[in-house]
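Here is how the chains run, residue by residue.
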Amino acid sequence: MIIEPRMRGFICLTSHTKGCEQSVLNQIDFVKSKGEIDGPKKVLVIGASTGFGLASRITSAFGSNAATIGVFFEKAPQAGKTASPGWYNSAAFQQEAKKAGLYAKSINGDAFSDEIKAKTIALIKEDLGQIDLVIYSLASPVRVHPKTGVTHRSVLKPIGQTYTNKTVDFHTGVVSEISIAPCTDEDIDNTVAVMGGEDWQMWMDELLKAGAIADGAKTVAYSYIGPSLTEAVYRKGTIGKAKDHLEATAFKITESLKSVNGEAYVSVNKALVTQASSAIPVIPLYISLLYKVMKEKGIHEGCIEQIQRLFAERLYTSGEIATDEAGRIRIDDWEMREDVQNAVAELWSKASTETLPELGDLAGYKSDFLNLFGFGFDGIDYLADVNEQTEIEGLQ
Ligand code: NAI
Ligand code: NA
């Protein structure tokens, strides 16, 4: 089968196994090029197949020789249908881990469920005994609550008043004005239920109860803040309430990890093109301007550069972990630099369908978006037949 990108709205319906493999290989090469990190040895990554979670798994394994267990929710290939990219990424990761003699196993299923938690913890107990780092990197629009059975759906809306601003359809490059009506109270509760900290806490409670957390272990979840431009729809919107909850949960988890001298952190990461962020209105326009500015200043990073820096310069240095006034690790420091934000704000005011190709890095946005699905990589023959029978080694 020859696989081409097939776009529908914010998603791509197809993905390319060879290209996803290339993306994983590139990330592994990057991590190796930065040298060894005196980091974790037994790592659980929840949300391990794409974006920041995949980068965390790769950094743990290939930067710190860690054994990794990855949990994710991906679709296997079916007759006439490609797998979701995280499936191919994980297949490639597992293959490379095996070649390198690194322990790696994967679990595909709903991380919000009791069943997947129990399965993961049984695997840890059997194979690794204890974990010294848990990365929590889920991004999901929906969560079935394991105790109530209620299905919660997250929304991306402002709170209190309608938000109107520019947005771009990154496929066509058309810049238009979008108005997003304010959410209901129920929307806030639902978004907090999906993207807040409750599930992270549940994972850590279960792991601790099972004796699966090593002495001095760390756990890290990922958050975002961003500029005032996007505040109404992001940090002060429904998703921001969920991030507030996630950040507050870190303190609670640290409290419950006292018995094993463990610590929970939130790391605030940079805005990047991932499947999760491309669905948020306004953010793609912001990202295309941000990329332009950060690339010009030579400080652009992708997920793997961000997470390699998180491990090497924040989490695993000697001495205390540097945090901000709210106790958060900041690797969005370069994004939030005053010179960067001033430049983005100026471009923002001038951005239109006509000016964006020049002012913004729309090409970089599109290329990153295609890359998420394994398209647009150098060295891949996209006209060649690909074998869709990809299996994930070590899948439980
Ligand atoms: P992503 O969409 O690339 O990754 C999501 C991961 O969660 C995938 O591995 C997916 O399989 C897994 N997943 C989703 N639902 C699941 C379920 N029910 N059970 C098991 N696994 C499930 O997203 P991304 O962007 O890497 O996001 C990860 C975290 O980073 C999120 O908390 C996000 O808010 C945060 N973040 C993202 C930023 C961005 O610009 N993309 C910036 C800063 C933080
Ligand atoms: Na992730």
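Quick caveat, the model's predicted, so the values are computed rather than measured.

Quick word on the pairing of strand β5 (residues 104-108)
In step 1: With respect to burial, β5 is a largely interior element, 4 of its 5 residues being buried.
In step 2: In terms of strand pairing, strand β4 (residues 67-72) meets β5 through 5 bridges, oriented parallel. Considered in β5, the bridge of Val71 is made with Ile107.
In step 3: In this fold, β4 hands off to helix α3 (residues 85-99), which returns the chain to β5; that crossover is right-handed.

With respect to the site of ligand 1
In step 1: Around ligand 1 sit 29 residues in total, of which Gly47, Gly51, Ala111, Ser140 and Thr274 are the nearest.
In step 2: Put simply, the parts of the chain that give the shell around ligand 1 at least two residues each are α2 (51-64), β4 and β11 (213-223).
In step 3: For the shell around ligand 1, the element with the most residues is α2, which contributes 3 residues.
In step 4: Taken together, the residues of the shell around ligand 1 sort by class into 14 nonpolar, 13 polar and 2 charged.

Brief notes about the UniProt feature "binding site: substrate" (unreviewed entry) in the protein chain
In step 1: Per the UniProt entry, the sites bearing "binding site: substrate" (unreviewed entry) are Tyr224 in this numbering.
In step 2: In this fold, Tyr224 is placed in the loop between β11 and α7 (228-231).
In step 3: C-beta crowding within 10 Å serves as the criterion here: with 21 such atoms nearby, Tyr224 is assigned to the buried category.
In step 4: Setting aside residues up to four positions removed in sequence, Tyr224 forms contacts with Tyr234, Lys243, Val268, Asn269 and Ala271.

Let's talk about the environment of Trp87
In step 1: Position of Trp87 among the secondary structure elements: in helix α3.
In step 2: It is 6.4 Å that separates the C-alpha atoms of Trp87 and Lys75, two residues lying 12 residues apart in sequence.
In step 3: Once residues lying within four places of it in the same chain are set aside, the contact partners of Trp87 are Glu74, Lys75, Ala76 and Ile392.

Here's the deal with the pairing of strand β9 (residues 163-169)
In step 1: With 7 bridges connecting them, β9 and strand β10 (residues 174-180) associate as antiparallel partners. Paired with Asp169 across the bridge in β10 is Val174.
In step 2: Between the end of β9 and the start of β10, which pair antiparallel, lie 4 residues, with Gly173 showing a positive phi angle near 80°.

Brief notes about unusual backbone geometry
Glycine aside, negative phi is the norm for most residues, and most peptide bonds take the trans geometry.
In step 1: Its identity as a non-glycine residue notwithstanding, Asn65 has a phi of 55°, on the positive side.
In step 2: Counting through the fold element by element, Asn65 comes out in the loop between α2 and β4.
In step 3: Despite not being glycine, Val282 shows a phi value in the positive range, around 75°.
In step 4: Position of Val282 among the secondary structure elements: in the loop between β12 (263-268) and α9 (283-296).
In step 5: Taking the C-beta count within 10 Å as the criterion, Val282 has 20 such neighbours and is therefore assigned buried.

The rules behind the values
Residues numbered from 1 in each chain as written. Chains lettered and ligands numbered in written order. Predicted model: local features only at pLDDT ≥ 70, side-chain atom pairs only at ≥ 80, totals over all residues. Buried ≥ 20, exposed ≤ 12 C-beta atoms within 10 Å, placed from the backbone. Helix = DSSP H or I, 4+ residues; strand = E, 2+ residues; numbered from the N terminus. Pairing = 2+ DSSP bridges. Right-handed = clockwise from strand over helix to strand, strands pointing away. Near = placed C-beta within 6 Å. Nonpolar A, V, L, I, M, F, W, Y, C, P; charged D, E, K, R; others polar. UniProt positions renumbered as here; feature names shortened; annotations may be inferred. Contact = placed C-beta atoms within 7 Å.

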